[in-house]
Amino acid sequence: MQYGSIDPVVSRELFIRHALVEGQWTTHHRFWADNQRAMEQVAALEERARRRDIGVDDETVFELYDARIPADVVSTRHFDRWWKHARRERPDLLTFSPEMLTNAASAGQVRVEDYPDEVELARGLTLPLSYAFAPGTAEDGVTVDVPLAVLDGVTERTSGESLAFTVPGLREELVTALLRTLPKQLRRGLVPIPDRVREVLPNIDPGNRCCPHWSASCAARRR
């Protein structure tokens, strides 16, 4: 016996939560694949920004589906029958964009373009970047993949200067960490450090450092 005939309200909620939200079903509907890709994009941004609050929670995803699916759709069978006709008039009804799956309040000023997929070094060399938010593991952070064939060409000077500020979205964290390594007598003149970081970041040119190995001491002397 179908549970929908016993309690259609609860049956509908179970269908939406377990099938559409948690993915406990097998389907070839296009909107489902599109929504999975959108969620993956948001999850990738969380990896890059090193946060876990950018994507919306399951309850929000439930509400998105709940607002669009009729009350009499209480099972997979009911859904397939309804969607067969509904998608002809509104094919994008159940397709969610990455923006719809992003928690705007938490995301703040996080931008995809601040976390590039590759870095360009001198002499036309371009290397791919990968991101992982896994504190305590070897994979944590930003990884630059250097092919063995060009390893000798990536000199200490080239990699140091070009990679230090490669990811704009992580520069604030990097500068903050560098300033906190300063001797106490220098660091005292920079407090509160978060305010100083926000003040100097717009004026830092990654291609114009005061020494081959840019350091927090350079920043302090410039100030």
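For helix 2 (residues 30–49), which comprises 20 residues, the first-to-last C-alpha distance of 29 Å matches the rise-based estimate of 28 Å (1.5 Å per residue) to within 8%. Among the residues of helix 2, Phe31, Trp32, Asn35, Ala38, Val42, Leu45, Glu46, Arg48 and Ala49 are the ones counted as buried. Phi for Arg50, located one or two positions after helix 2, is positive at around 60 degrees.

Between helix 1 (residues 8–21) and helix 3 (residues 58–66), whose axes approach to 10 Å, the crossing angle comes to 115 degrees. For the pair helix 1 and helix 3, the crossing hand works out as right-handed. Taking contact as the criterion, the partners of Arg12, Glu13, Ile16, Arg17, Leu20 and Val21 in helix 1 are, on helix 3, Asp58, Glu59, Val61, Phe62, Tyr65 and Asp66. Residue composition of the contact of helix 1 with helix 3, by class: six nonpolar, no polar and six charged.

Our next topic: the packing of aromatic side chains. Scanning the model with the defined rule gives 12 aromatic pairs in all. Between Phe15 and Phe79, the ring centres sit 5.7 Å apart and the planes meet at 45 degrees, which makes this aromatic pair tilted. Of the two residues, Phe15 is situated in helix 1 and Phe79 in helix 4 (residues 76–89); the sequence distance between them amounts to 64 residues. A single burial state applies to Phe15 and to Phe79, both of which are buried. Ring centres of Phe31 and Trp83 lie 5.5 Å apart, and the angle between their planes is 75 degrees; this geometry places the pair in the edge-to-face category. Highlighted residues: Phe31 in helix 2 and Trp83 in helix 4, separated in sequence by 52 residues. Through a chain of ring-to-ring contacts, the aromatic side chains of Phe15, Trp25, Phe31, Trp32, Tyr65, Phe79, Trp82, Trp83 and Phe96 assemble into a single cluster.

Our next topic: the side chain of Arg48. With respect to the element layout, Arg48 can be found in helix 2. By relative accessible area, Arg48 is classed as buried at 18%. Side-chain polar atoms of Arg48 contact the side chain of Asp117, separated by 2.5 Å. Apart from residues no more than four positions distant in its own chain, Arg48 is found in contact with Tyr115, Pro116, Asp117, Tyr131 and Leu170.

Where like charges cluster on the molecular surface, the negative patch consists of Glu22, Asp57, Asp58 and Glu63. Assignment of secondary structure puts Glu22 in the loop between helix 1 and helix 2. Relative accessible area serves as the criterion here: at 45%, Glu22 is assigned to the partly exposed category.

Now for the confidence of the model for the chain. On average, residues of the chain score 84 in pLDDT, and 84% of them reach the 70 mark or higher. Ranking the elements of the chain by mean pLDDT puts helix 10 (residues 216–222) last, at 41, and helix 3 first, at 97. Note that pLDDT drops below 50 for residues 209–223; the model gives that stretch 27 contacts with residues more than four away or on any other chain.

Cut-off values and rules
- Residues numbered from 1 in each chain as written.
- Predicted model: local features only at pLDDT ≥ 70, side-chain atom pairs only at ≥ 80, totals over all residues.
- Heavy atoms only, no water.
- Helix = DSSP H or I, 4+ residues; strand = E, 2+ residues; numbered from the N terminus.
- Expected span 1.5 Å × (residues − 1).
- Buried < 20%, exposed > 50% of the residue type's maximum accessible area, 1.4 Å probe, protein only.
- Axes fitted to C-alpha atoms, helices over the stretch in contact; angles between N-to-C directions.
- Left-handed = near helix turned anticlockwise from the far one by under 90°.
- Contact = heavy atoms within 4.5 Å.
- Nonpolar A, V, L, I, M, F, W, Y, C, P; charged D, E, K, R; others polar.
- Phe/Tyr/Trp six-rings, centres within 6.5 Å; stacked < 30°, edge-to-face > 60°.
- Polar contact = N/O pair within 3.5 Å; in protein donor to acceptor, adjacent residues only side chain to side chain.
- Patch = residues over 30% accessible without salt bridge, like charges linked within 9 Å, V, L, I, M, F, W, Y side chains within 5 Å.
- Areas by Shrake-Rupley, 256 points an atom, 1.4 Å probe, with all protein chains shown as cover.
- Salt bridge = Lys/Arg side-chain N within 4 Å of Asp/Glu carboxyl O.
- Lys, Arg positive; Asp, Glu negative; His and termini not counted.
- Charge placed at Lys NZ, Arg CZ, Asp CG, Glu CD.
- pLDDT = per-residue confidence, 0-100.

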